[in-house]
Structures are given as C-alpha cells and as structure tokens.
Amino acid sequence: MYTAHPDRYTAMPYRRTGRSGLKLPALSLGLWHNFGPDRPAETQLAILRRAFDLGITHFDLANNYGPPPGAAESALGEALRTDLAPYRDELIISTKAGYLMWPGPYGEWGSRKYLLASLDQSLTRLGLDHVDVFYSHRFDPETPLEETMGALHSAVRQGKALYVGVSNYSAEQTREAARILGELGTPLLIHQPRYSMLDRRPEDEGLLDALDELQVGSIAYSPLEQGLLTGRYLDGIPEDSRAASDSPFLNRDAVTEDLVARLRTLNDIAAARGQTLAQLALAWVLRGGRVTSALVGASSTRQLEDSVAAIGNLDFAEEELDRIDVVVRP
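The structure reproduced in this document is the subject of the present report.

Some points on the sheet that holds strand β4 (residues 58–60)
Strands in a sheet are paired, the pairing made by backbone hydrogen bonds, and the direction either parallel or antiparallel.
Next up, step 1: Here eight strands make up a closed barrel; going around it, the order is β3-β4-β5-β6-β7-β8-β9-β10 and the pairing parallel. Strand-to-strand twist across the sheet, computed as the mean angle between neighbouring axes with direction ignored, equals 30°.
Next up, step 2: As paired strands, strand β9 (residues 217–220) and strand β10 (residues 293–296) are joined by two bridges and run parallel to one another. Of the residues in β10, the one forming a bridge with Ala220 is Ala294.
Next up, step 3: Helix-sheet contacts for helix α5 (residues 171–184) involve β7 (161–167) and β8 (188–192), and the interaxial angle to β8 is about 160°.

Rendered as structure tokens:
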C-alpha cells in the first residue's frame, strides 16, 4: 500500500494562481503523453507516485490525452481509486475539452452540448464527482463565446468543477472570456498557453500582459518544446526520438543545423549554472513569477526527477537572460 512521503511539501514552491486563493506547484505533471496502453501500467503509476512525493500536487489532463483519447484520464482514475485515494483533497485535478473526441458535429469545439457531455465522460473515467479545474481547450470561432463560457459557468454551478480556465486563447479572446465569466459570477482562474524559450508568442502577442492586467494565473505547456530543450538533440536526431517518429508535434525538418547549434549554446549556459538544458528551460519559463506553473511530462521517474531539480535554481542574472535572448532570437 502506497504511503506518500512525509516531506513532500518541504522543497516544492507553491504559487498563488492569479487573484484566487488557489496555489499551484511551480511544476505540474502533464499527462499529455506517456499515459496510455502502450506504456506499462506500473511505470505510469510509479511516475504519479513519485510526482506526488516530490510535491507535485497538480495533475493536468484533457479528454483526448492518451493515446488513445481518454486513456490518460482512465489511468489517473485507476491511481485515484487505489494509491492516491487517501490524498484526493491534497490534489488538483484538471481536464479540458475542445479538440476532437468522438465522431459527429457534437464531438469537438466549444458548444454547450459538447463541453458538458465531455466533462461528464471525463468524470466517469476519472471516477470523480468533480474536477478542480475545467478548461475550454481552444477558442471556437463559430460558437458565441457567451455559450462556451456559459457552459464553464454551468459546470461550476452544477458542482462538477471548482474553477474554470481557457487554453490556446489569444489575449483579446482571453479578455472577453474573463469579462463574460466575471458577469456570470465565475472568475477566470487560469490560462494554459504554449510557452518556452523557443516559443515566445505569449510575450510577443501580449498574452502575458493581459493575464497580468486581469490577475489571471498561467500554466505553460510544452516548456521543453516537445523535447528539443533537453539534451536529446545536441548531436542531431536520435532514431528513437519524437522528431524521428511520425509525431504531428515535431518532425525532422524542425531540427536544423542552426537549431542544433543554438541548443548547444543554451546547454553551455545551463552547464555554467549547474543545470541541465531541461532544467534551464523550466527555470526560464518560471523566471520572475509571471508564470504560475510549468507543465512537465515524464516517461520515467528519473526524467521527472531531473525536471523537478530545476526548482533548485530559478533565479537569473540579467546577463544570463540577455545571452539567452541572443541565442533564441538571432
């Protein structure tokens, strides 16, 4: 029988999410990849256990995470029924709906029909009566935003979610979503954007400024840029890597000689700080406190432990940040 480590809260920093009372760990565990039937159940459970032992109290999902879709929620549901059952009130469980989940016109996007049906399915897979955060996973250009936000509000009113968030929304879409939710009486808690040293759009397009103005939290996904910001690509493309597969998220064409050279320079900067490249990338996303939490994935407990070690050095000198900018913004 699993017993959580008694010192699990001694090292991990926890950051307040916007103006809410909710705190999130600086690093959260994302179940986007690595939680499906192609991975040993024992490995998945070991990762969840180790994450919690290291102070990661937030597990982030979506209805379509796996593969196949739904598998990640089912895997976490099994862990919640067994090992993690005594610790449910110490955990933040989030899920999302927005991308294709089932055939037909009601299986994706942002209608009230889809969002609330998807949430019910997610709760069944998780074995829960509510999630802590429910997200609209992407903006729907063909559904009134009032309907999408109204569905999130209904999830809270029905007791099926405690908080609501959005993901992959622009700055202006986020402002409008926050306005609508505010009028309904369900504040927008958090935004989940893609953000890394190599993807600066939340800065460049004003999203982080909007979140600051709205006092809304943020949690960055893909802070390691699908593995590019790890040591795996310092010598090109490993044959067992994501870029060498048929992944829609990273392909061989993206790993250019110029990119590899820049990754090596970033790795030198990391080494001078006593960090791995992955640790540098995570610390960079968390710098200055503008981002509430960074999402990390893991295929093993060792990989997870390497990521969590980033919290040991989250401070940057200005010259370090300037040097990183020279590398990533040539």
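Structure shown, so let's carry the discussion forward.
Side note on the packing of aromatic side chains
Next up, step 1: Taken as a whole, this structure holds eight aromatic pairs when the rule is applied.
Next up, step 2: Taken together, a centroid distance of 5.3 Å and an interplanar angle of 55° make the contact between Phe52 and Tyr87 tilted. A residue pair is termed long-range when its members are at least 10 positions apart, and Phe52 in helix α1 (residues 41–53) and Tyr87 in the loop between α2 (71–81) and β5 (92–97) qualify at 35 residues.
Next up, step 3: Residue classification places Phe52 among the buried positions, given a relative accessible area of 0%.

Points about helix α8 (residues 257–272)
Count 3.6 residues to each turn of an α-helix, and residues three or four apart come out pointing the same way.
Next up, step 1: Here α8 spans 23 Å end to end across 16 residues, near enough to the 22 Å set by a 1.5 Å rise per residue.
Next up, step 2: The set of residues buried in α8 consists of Leu259, Val260, Leu263, Leu266, Ile269 and Ala270.
Next up, step 3: Among the structural elements, α9 (277–286) and α11 (318–328) are those in contact with the buried residues of α8.
Next up, step 4: Positive phi appears at Gly274, one or two residues downstream of α8, with a value of about 75°.

So, unusual backbone geometry
Next up, step 1: The linkage connecting Gly66 with the following residue, Pro67, adopts the cis geometry, with an omega of -5°.
Next up, step 2: With respect to the helices and strands, the residue Pro67 is situated in the loop between β4 and α2.
Next up, step 3: If you check the backbone angles, Asn34 has positive phi at about 80° while not being a glycine.
Next up, step 4: Judged by its relative accessible area of 14%, Asn34 is buried.
Next up, step 5: Residues other than glycine seldom take positive phi values, yet Gln215 does so here, at roughly 55°.
Next up, step 6: Structurally, Gln215 is set in the loop between α7 (207–214) and β9.

Some thoughts on the environment of Trp32
Next up, step 1: Here Trp32 shows up in the loop between β3 (27–30) and α1.
Next up, step 2: C-alpha separation for the pair Trp32 and Arg138, spaced 106 residues apart in sequence, amounts to 15 Å.

Looking at the pairing of β3
Within a regular strand, the side chains alternate between the two sheet faces.
Next up, step 1: Burial along β3 is two-sided: the face carrying Leu27 and Leu29 and the face carrying Ser28 and Gly30 are both buried.
Next up, step 2: Sheet analysis places β3 next to β10, joined by three bridges and oriented parallel. By the bridge assignment for β10, Leu29 is matched with Val296.
Next up, step 3: Inspection of the sheet shows β3 paired to β4 by two bridges, in the parallel sense. Of the residues in β4, the one forming a bridge with Gly30 is Asp60.
Next up, step 4: As a crossover connection, the stretch from β3 through α1 into β4 is right-handed.

Looking at the pattern of salt bridges
Next up, step 1: Taken as a whole and assessed by the stated rule, the structure comprises 26 salt bridges.
Next up, step 2: Measuring nitrogen to oxygen at the nearest pair gives 3.1 Å for the salt bridge that ties Glu203 to Arg200.
Next up, step 3: A salt bridge links Arg200 to Asp325; the nearest nitrogen and oxygen atoms lie 2.9 Å apart. Here Arg200 is found in the loop between β8 and α6 (201–204), whereas its partner Asp325 is found in helix α11, with 125 residues between them in sequence.
Next up, step 4: A residue is classified by how much of its surface remains accessible, and Arg200, at 9% relative accessible area, is buried.
Next up, step 5: Given the relative accessible area of 27%, Asp325 is considered partly exposed.
Next up, step 6: Ionic contacts of the salt-bridge type, sharing partners, join the residues Arg200, Glu203, Asp204, Arg287, Asp325 and Arg329 into one network.

Criteria and cut-off values
Residues numbered from 1 in each chain as written. Predicted model: local features only at pLDDT ≥ 70, side-chain atom pairs only at ≥ 80, totals over all residues. Heavy atoms only, no water. Pairing = 2+ DSSP bridges. Helix = DSSP H or I, 4+ residues; strand = E, 2+ residues; numbered from the N terminus. Axes fitted to C-alpha atoms, helices over the stretch in contact; angles between N-to-C directions. Contact = heavy atoms within 4.5 Å. Phe/Tyr/Trp six-rings, centres within 6.5 Å; stacked < 30°, edge-to-face > 60°. Buried < 20%, exposed > 50% of the residue type's maximum accessible area, 1.4 Å probe, protein only. Expected span 1.5 Å × (residues − 1). Right-handed = clockwise from strand over helix to strand, strands pointing away. Salt bridge = Lys/Arg side-chain N within 4 Å of Asp/Glu carboxyl O.

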